[in-house]
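# Observations on the three-dimensional arrangement
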Amino acid sequence: MLIEAENLSKTYTLRKKTGRLKRERATVEAVRELNLSVAEGELLGYIGPNGAGKSTSIKMFTGILSPSGGTLRVAGLEPIRERKQLARRIGVVFGQRTTLWWDLPLRDSFALLHRMYAIPDARYAENLKRYVELLGLAELLDTPVRQLSLGQRMRGDLTAALLHDPSILYLDEPTIGLDVTSKMVVREFLAELNRERGTTIVLTTHDLDDIERLCRRVVVIDHGTVAYDGELSALRNRIAADRTLVVDLARPGPAVTVPGATVTRVDGPRQWLAFPAEANAAELISAVASRYELVDVSIREADIEDVVRELYSS
Amino acid sequence: MDEAAARTPGVVVTYLASMRMWARSAMQYRTSLILVMIYGTFVAGTELAALLVIYSNVQSLGGFSLAEALYIYGTAQAAFFISDLLFTGTEYLGARIRMGTFDALLVRPVGVLPQVFADQFTPRRFCPLISAFGALVAGLVSAPVHWTWLRAVLVPYTLLTGVAVFGAIWVFVGAFQVMVTDASEAMNIVTYGGQFMTSYPLSLYGRNLMLFLTFGIPLGFVNWQPTLYVLGHPDPLGLPTLFRFAGPLFAAALWGVALSAWRGALRHHCSTGS
Ligand SMILES: Nc1ncnc2c1ncn2[C@@H]1O[C@H](COP(=O)(O)OP(=O)(O)OP(=O)(O)O)[C@@H](O)[C@H]1O
Ligand SMILES: [Mg+2]
């Protein structure tokens, strides 16, 4: 196991100003009793609502924050105590903050990392060439980072995180703010990295498309603890048992009653009926049509977003 | 792996490499850098000019002639501004923590402190050294000192102990910043997609007053005593002669305490995220 967390917890203590001089202490349990193990070569989707504790746990995995409880081993090391050794084994990309030198060309930031990680020259040259090619950075190497677009910078950050061949790559919202094309490039790159190099990837994102395209295994974090851990397909089956029939009635009215379906939402003449995935949609439509005057119908398959929303709310 | 770990840069290489990056960053804005450097040199020069103006009216102040005053001013300024040049990056730590960019320094396989020392380095910091060394040299040349080997050695010695003591204080400044900065203020920026840039006053306190209080007092200790000896003045406080040579011990002790404060602060940061 590359990452092994047992009952991992993190409590922040906040000092809140309550009066002119008075300060009150409040605590936030950002992560509580989190259990997670990630094997070599996995590409893990690490998702959850805002404030769920994803970034906090990643900061513990990377040796930035020390846990308040539980045990944690990453690549056989104890993150805070063996911070420097761990740093050689991991790559980190924080989507919202670049680690590149703002005023200098990309090339310079890479050269600094070459030095700091003491990457052998041949390996550095080979990696740089490879990532520059894959991510289309060739023309940008001499551009100051401040002049790069968000998507270009993200590709630069990805390269920077990978030059030293880490075994684990952590990505905290790497696609935030990227356009469709850039997202595609990043996704394809990650898939290839995981496939070809066997790099273990922990991917945090609010874009469920990322997850759907990349990850087989998903871990859903909610209120600092694991709400779901398993195959993406099983997650979908588990909760997405329901499909939705959207009906437009001739006029507004109370929720319809038909056997085999339950109304989840009413908005004027439009109503949403949830029904099991294996039920016969045609029968349900005729059942509604026989009791109410129908103008239009449509069926929506549950997508991962519904699934996750369902999980978050339960 | 072990081989690579063995070649991992140590403190000095990390420091110089970071320094070089910042210096090159500053060079990207060449014109503005040059203008600011001219201005900085000029401002530092006016202070020195003020000293000269005072002495144009009096022969001596507190028993010190102009030449001696130049020497005293020169050593104090040079020691402070060399330390400023080398270590002042710790002052930017608070801002770094609030912006969430401190984390990036923690995930590199090198020491944190050398990266912090070099933070925001700019060649501008050389400017005050021009007038400082100008005064020092002028003082050395014109002061009526009876030069002996011991006195000659004491001049660089005074400077170096001064720089060392001030360096330790910059480490305290860093530790202090880590302890008092609350990263949760910045969490909004980080957590909610960078919609808000919080505005915060960079200096919450009168910087000059702080500098005076924190650097002035040890300065008395470290510079004053050997300076009195070089200039052949008796110590008005009548401290034992030994005190004049106690600087390095004092500096070493201060570094010891400062480094453990720094480590404590880092531990605090790791356990609170602030
Ligand atoms: N440095 C800090 N000090 C105090 N509280 C913090 C700090 N960092 C995070 N928190 C709190 O801890 C909780 C978890 O935050 P965290 O950033 O881990 O969530 P997240 O899952 O990454 O959310 P998001 O999807 O918004 O990025 C939140 O309630 C947050 O306000
Ligand atoms: Mg987050």
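Every chain's residues receive numbers from 1 upward, in the order its sequence appears when written. Labels are handed out in written order, letters beginning with A for the chains and numbers beginning with 1 for the ligands. Only residues with pLDDT of at least 70 are given local features in this predicted model, and only at 80 or more are side-chain atom pairs given and counted; all residues enter the totals for whole chains, interfaces and linings. Neither water nor hydrogens contribute to the side-chain values; these are computed over all heavy atoms in the structure.

## Looking at the packing of helix 9 (residues 149-180) of chain B against helix 12 (residues 247-272) of chain B
All names here are of chain B. Helix axes are fitted to C-alpha atoms over the stretch in contact, other axes to C-alpha atoms as well, and angles between N-to-C directions run from 0 to 180 degrees. The helix count covers DSSP runs of H or I at least four residues long, the strand count covers runs of E at least two residues long, and both are numbered beginning at the N terminus. Orientation of helix 9 relative to helix 12, taken along the N-to-C sense of each, is 20°, at an axis distance of 8 Å. Judged by the inter-axis angle, helix 9 sits roughly parallel to helix 12. Pair helix 9 / helix 12 crosses with left-handed handedness. Three classes are used, and their members are as follows: Ala, Val, Leu, Ile, Met, Phe, Trp, Tyr, Cys and Pro are nonpolar, Asp, Glu, Lys and Arg are charged, and the others, Gly among them, are polar. When grouped by side-chain class, the residues that make up the contact of helix 9 with helix 12 number 21 nonpolar, six polar and no charged. Orientation categories follow fixed angle ranges, with anything under 35 degrees roughly parallel, anything over 145 roughly antiparallel, 65 to 115 roughly perpendicular, and all other angles oblique. Crossing handedness: left-handed means the near helix sits turned counterclockwise from the far one by under a right angle, and right-handed means the same turn made clockwise.

## Considering the pattern of salt bridges
Residue and element names in this part refer to chain A. The salt bridge definition used is simple: a Lys or Arg side-chain nitrogen within 4 Å of an Asp or Glu carboxyl oxygen. Scanning the model with the defined rule gives 20 salt bridges over all chains in all. Across the salt bridge formed by Arg107 and Asp142, the nearest N and O atoms sit 2.9 Å from each other. Residue Arg107 is found in helix 3 (residues 106-116), and its partner Asp142 is found in the loop between helix 4 (121-134) and helix 5 (150-162); the two are separated by 35 residues along the sequence. Relative accessible area serves as the criterion here: at 36%, Arg107 is assigned to the partly exposed category. Asp207 is the partner of Arg187 in a salt bridge, and the nearest nitrogen-oxygen pair spans 3.4 Å. Placement of the pair is Arg187 in helix 6 (residues 180-197) and Asp207 in the loop between strand 7 (200-204) and helix 7 (208-214), with a sequence separation of 20 residues. Residue classification places Arg187 among the buried residues on the basis of a relative accessible area of 9%. In this scheme, a residue with accessible area under 20% of its type's maximum is buried, one over 50% is exposed, and one in between is partly exposed, where area comes from a 1.4 Å probe on protein chains only. Of the residues examined, Asp207 reaches a relative accessible area of 16% and is grouped as buried. Salt bridges linked by common partners bring Lys183, Arg187, Asp207 and Asp210 together as one network.

## Topic: the confidence of the model for chain A
Looking at chain A, pLDDT values average 90 and 94% of them are 70 or higher. Known as pLDDT, the predictor's per-residue confidence is scaled from 0 to 100. Helix 10 (residues 304-313) of chain A is the least confidently modelled element of chain A, averaging 71 in pLDDT, while strand 7 of chain A averages 97, the highest of any element.

## Topic: the interface of chain A and chain B
Working rule for contacts: check all heavy atoms of both residues, and any pair within 4.5 Å makes them a contact. Facing the 36 residues of chain A at the interface are 47 residues of chain B. Joining two parts hides part of their accessible area as seen by a 1.4 Å probe, and the buried area is that hidden amount summed over both. Buried surface at the junction of chain A and chain B, both sides included, amounts to about 3500 Å², of which 58% is carbon and sulfur. Connecting chain A to chain B are three salt bridges. Nitrogen and oxygen atoms within 3.5 Å of one another constitute a polar contact, given that in protein one can donate a hydrogen and the other can accept it, and given that sequence-neighbouring residues count only through two side-chain atoms. Our enumeration of links across chain A and chain B arrives at ten residue pairs in polar contact (both at pLDDT 80 or more). At the level of secondary structure, the elements contributing two or more residues to the side of chain A that touches chain B comprise strand 1 (3-17), helix 2 (83-89), strand 5 (90-94) and helix 3 of chain A. With six residues, the top contributor of residues to the side of chain A that touches chain B is helix 3 of chain A.

## Some details on the domain arrangement of chain A
Residues and elements named next belong to chain A. Domain borders in the structure are assigned automatically or taken from a domain database. Once the domains are mapped, chain A shows domain 1 (3-237) and domain 2 (241-313). Taken over C-alpha atoms, the centre of domain 1 sits 40 Å from the centre of domain 2. Facing the 13 residues of domain 1 at the interface are eight residues of domain 2. A buried area of about 920 Å², summed over both sides, lies between domain 1 and domain 2, and 74% of it is on carbon and sulfur atoms. Of all residues in domain 1, Leu208, Leu235 and Arg236 give up the largest surface area on contact with domain 2, accounting jointly for 46% of the area buried on that side. Put simply, domain 1 and domain 2 have zero residue pairs in polar contact (both at pLDDT 80 or more) between them. Listed by contribution, the elements that provide at least two residues to the side of domain 1 that touches domain 2 are helix 7, strand 8 (217-222), strand 9 (225-231) and helix 8 (232-239). In terms of residue count, the dominant contributor to the side of domain 1 that touches domain 2 is helix 8 (four residues). A breakdown of the residues in the side of domain 1 that touches domain 2 according to their chemical character gives eight nonpolar, two polar and three charged.

## Remarks on the pairing of strand 7 of chain A
Residue and element names in this part refer to chain A. With five of five residues buried, strand 7 is to be regarded as a mostly interior element. Where burial is concerned, the two faces of strand 7 agree: the one with Thr200, Val202 and Thr204 and the one with Ile201 and Leu203 are both buried. As paired elements, strand 3 (residues 43-47) and strand 7 share four bridges and run parallel to each other. For Tyr46, the partnering residue across the bridge sits in strand 7 and is Thr204. Note on the crossover from strand 6 (residues 168-172) through helix 6 to strand 7: the handedness is right-handed. Strand pairing follows a simple DSSP-based rule, namely that at least 2 bridges must link the two strands. Seen with its strands pointing away from the viewer, a crossover is right-handed if its path from the first strand over the helix to the second goes clockwise.

## Here's the deal with a nonpolar patch on the surface
Taken together, the side chains of Val11, Val12 and Leu16 of chain B make up a nonpolar region of the molecular surface, amounting to roughly 300 Å² of accessible area. Along the polypeptide, Leu16 of chain B turns up in helix 2 (residues 11-27). What makes a patch is a set of residues exposed beyond 30% relative accessible area and free of salt bridges, joined within 9 Å when like-charged and within 5 Å when nonpolar (Val, Leu, Ile, Met, Phe, Trp, Tyr). Values of accessible area rely on a 1.4 Å probe in the Shrake-Rupley scheme; residue burial ignores everything except the protein chains shown.

## A word on the side chain of Glu42 of chain A
All names here are of chain A. Mapped onto the elements, Glu42 comes out in the loop between strand 2 (23-38) and strand 3. A polar atom in the side chain of Glu42 sits 2.9 Å from the side chain of Arg217. Setting aside chain neighbours within four positions, we find Glu42 in contact with Ser37, Asn194, Thr199, Thr200, Ile201 and Arg217.

## Overview of the packing of helix 4 (residues 66-87) of chain B against helix 8 (residues 127-142) of chain B
Residue and element names in this part refer to chain B. The geometry of helix 4 relative to helix 8 is characterised by a closest axis approach of 7 Å and an angle of 145° between their N-to-C directions. Note that helix 4 runs across helix 8; the crossing there is left-handed. Counting all contacts with helix 4, which are made through Ala67, Leu70, Tyr71, Tyr73, Gly74, Thr75, Gln77, Ala78, Phe81, Ile82 and Leu85, the residues of helix 8 involved are Pro128, Leu129, Ala132, Phe133, Ala135, Leu136, Ala138, Gly139, Leu140 and Ser142.

## A short note on helix 4 of chain A
Residue and element names in this part refer to chain A. Over its 14 residues, helix 4 runs 20 Å from end to end, which matches the ideal 20 Å to within 8%, given 1.5 Å per residue. Turning to helix 4, its buried residues number three or more, namely Tyr124, Asn127, Leu128, Tyr131 and Val132. The arc that holds every buried residue of helix 4, seen down its axis, measures 125°, which confines them to one face. Turned more than 90 degrees from where helix 4 packs its buried face, Ala122, Lys129 and Glu133 sit exposed. Those residues of helix 4 that are buried are in contact with helix 3, helix 5 and helix 6. Residue Gly136 follows helix 4 closely and has a positive phi angle near 65°. Given a helix with a known number of residues, its expected span is that number minus one, times 1.5 Å. Taking the helix axis as origin, the arc is that swept by the directions to the C-beta atoms.

## Describing the packing of aromatic side chains
Only the six-membered ring of Trp is used, alongside the rings of Phe and Tyr, when aromatic pairs are assigned; centres must lie within 6.5 Å, and planes under 30 degrees apart are stacked while those over 60 apart are edge-to-face, with the rest tilted. Evaluation of the coordinates by the stated rule reveals eleven aromatic pairs over all chains. Grouping aromatic residues by their ring pairs yields a cluster made of Tyr15, Phe87, Phe117 and Trp255 of chain B. Its end group placed over the ring of Phe94 of chain A, Arg97 of chain A keeps NZ or CZ at 4.8 Å from the ring centre. We count a charge as sitting over a ring when the NZ of a lysine or the CZ of an arginine lies within 6 Å of the ring centre and within 35 degrees of the ring normal. When the ring centre of Tyr229 of chain B is taken as reference, the NZ or CZ atom of Arg151 of chain B above it lies at 5.1 Å.

## Brief notes about the sheet that holds strand 13 (residues 294-300) of chain A
Residues and elements named next belong to chain A. Pairing within the open sheet is antiparallel, and its four strands lie in the order 11-12-10-13. In the strand order of this sheet, the two ends are held by strand 11 (262-267) and strand 13, each with one partner. For this sheet, the mean inter-axis angle between neighbouring strands, taken without regard to orientation, is 20°. As paired strands, strand 10 (residues 242-249) and strand 13 are joined by six bridges and run antiparallel to one another. What sits directly across from Leu245, in strand 13, is Ile299.

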